[in-house]
Each structure stands twice: as C-alpha cells, then as structure tokens.
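# Breakdown of the fold
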Amino acid sequence: TTTTYPCAGFGIKLTQLRMQDTITVIIGGLIRPNPCFQAESEATGKLFIGPLQSGDYILKIYYRGTSDLYRLTINQFTFSLKSIHIQFTEIVEY
C-alpha cells in the first residue's frame, strides 16, 4: 500500500484463484499486528502464484468490487508484466 498505518507490521490478506490462463489475486483487507508497536509503516503482503509454465497469463487483482488486469508473459529466463486496465495498482520496478 501507499497508505501509512499507526503500527509497524500491518499485513495484507491475499488469496488466489486460478482458472486456465487467468490468475486472480483477491485482496481481503488488512491484518492488524498484535502487539501494536507504534510506528508509521505501510502494509505489505506476499503471495506465491506459481509454479507457472512458459506462456501468457492474465493477472487479475481484485479489491472491493474493482479489478485491475495485467498481461503476464513468462519464458524460460524472464517475465514481463504489462497493464491492460488499471485503477488502483501500479507496477513498481526495483
């Protein structure tokens, strides 16, 4: 997220559905840390969506009735992610 929260360690609930070439990641809300160590931090979450064969996939990120769509292309050594329709997510390269 880009929103800061009053405790360090907020998590994001994530689940995954897979049907043929479509991978749907559902954002289910936040997980509040207990105990709350007061420090402003962003919420984070990780989800393993593999293993995946080489090919093209649709990555759908769903949250509160809104879906962002990306085309995920995987080959033997690399992958690429290109936006198709986005409203609330963004690709950040490190």
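Look up: the structure comes first, before these words.
Given the structure is predicted, the values throughout are model-derived calculations rather than measurements.

The rules behind these values
- Residues numbered from 1 in each chain as written.
- Predicted model: local features only at pLDDT ≥ 70, side-chain atom pairs only at ≥ 80, totals over all residues.
- Heavy atoms only, no water.
- Disulfide = S-S within 2.5 Å.
- Helix = DSSP H or I, 4+ residues; strand = E, 2+ residues; numbered from the N terminus.
- Buried < 20%, exposed > 50% of the residue type's maximum accessible area, 1.4 Å probe, protein only.
- Core = buried A, V, L, I, M, F, W, Y, C linked by side-chain atoms within 4.5 Å.
- Contact = heavy atoms within 4.5 Å.

## Notes on the state of the cysteines
Taken as a whole, this structure holds one disulfide when the rule is applied. The disulfide partner of Cys 7 is Cys 36, and the gap between their sulfur atoms is 1.7 Å. In this structure, the disulfide formed by Cys 7 and Cys 36 twists by about -90° around the S-S bond and is classed as left-handed. Taken as a pair, Cys 7 in strand β1 (residues 4-7) and Cys 36 in the loop between β3 (22-31) and β4 (38-42) lie far apart in primary sequence, 29 residues in all. Among the residues examined, Cys 7 registers a relative accessible area of 0% and is labelled buried. On the accessibility criterion, Cys 36 (30% relative accessible area) is partly exposed.

## Things to note about the nonpolar core
Ile 23, Val 25, Tyr 57, Leu 59, Ile 61, Tyr 70, Leu 72 and Ile 74 form the largest nonpolar core, which has eight residues in total. For this core, the secondary structure elements donating two or more residues are β3, β5 (55-63) and β6 (66-74). Not counting the four nearest positions on each side in its chain, Leu 59 is found in contact with Ile 23, Val 25, Asp 68, Leu 69, Tyr 70 and Leu 81. Grouped together as the second largest cluster of nonpolar side chains are five residues, Tyr 5, Cys 7, Phe 10 and Ile 12 included.

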